[in-house]
Amino acid sequence: ETGVTQSPTHLIKTRGQQVTLRCSSQSGHNTVSWYQQALGQGPQFIFQYYREEENGRGNFPPRFSGLQFPNYSSELNVNALELDDSALYLCASSLTGRLTDTQYFGPGTRLTVL
Amino acid sequence: RKEVEQDPGPFNVPEGATVAFNCTYSNSASQSFFWYRQDCRKEPKLLMSVYSSGNEDGRFTAQLNRASQYISLLIRDSKLSDSATYLCVVNGNAGNMLTFGGGTRLMVKP
């Protein structure tokens, strides 16, 4: 196992609601990245946090926001949920934000929006 | 056009077969290249990094052609346990962002 944990495992919400997903990085890792994986597609980069600061963002609207805490755990918040937000949300931790660092994925949170 | 393109498959092969997957990427500034494996409803796991000189890990061989912006993965002597989706991944954008292809599904049959 990678040592990256995510909670909850599964979640069901309705359109318009808000959701918070959580990720604990591997011990010693200060960088967390979040990805969205829709059914049948590859993961898409949402954003990355390095030492509590956003360090890059993909093509996602502002209703996707995040935080990183002093212990380097992280949250992904999604407001005003839409049906298309139904997906597997993956977080990945890496030692630093360097390009050469391997990213280790957690098991994901499966979000269903009804 | 997608940044990383893969044939979605599925590739259905018998045990013991050799199978090859290809992938192309559009960003010539990409600096790191990987193959990840993803089992059904699980997280992606790093299979191997890909280098220009080519690299081998047991039954798996990966190759990178920077001039053609092309990455390949060869699996020899396929096992039932190789059945999974193989994701081609490139890295080279700001913030250590991984860009994934859509994945190629492999099914190894007895």
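These notes cover the structure that comes with them. (Residues numbered from 1 in each chain as written. Chains lettered and ligands numbered in written order. Predicted model: local features only at pLDDT ≥ 70, side-chain atom pairs only at ≥ 80, totals over all residues. Heavy atoms only, no water.)

It is worth spelling out the overall build of chain A at this point. Each helix and strand counted, chain A has zero helices and 11 strands in total. When the helices and strands of chain A are listed from N to C terminus, the series reads β-β-β-β-β-β-β-β-β-β-β. The C-alpha radius of gyration of chain A comes to 13 Å, within 12% of the 13 Å expected for a compact globule of 114 residues. The principal-axis extents of the C-alpha atoms in chain A amount to approximately 35 × 30 × 25 Å. (Helix = DSSP H or I, 4+ residues; strand = E, 2+ residues; numbered from the N terminus. Rg over C-alpha atoms; globule rule 2.2 N^0.38 Å.)

Bringing the sheet that holds strand E3 (residues 19-24) of chain A into the picture now. Residue and element names in this part refer to chain A. With antiparallel pairing, four strands are arranged side by side in an open sheet as E1-E3-E8-E7. Of all the strands in the sheet, just strand E1 (5-7) and strand E7 (64-68) have a single pairing partner and so form its edges. Neighbour-to-neighbour, the strand axes of the sheet open up by a mean angle of 20°, direction not taken into account. Sheet topology note: the E1/E3 ladder contains three bridges and is antiparallel. Counted as the bridge partner of Thr5 is Ser24 from E3. (Pairing = 2+ DSSP bridges. Axes fitted to C-alpha atoms, helices over the stretch in contact; angles between N-to-C directions.)

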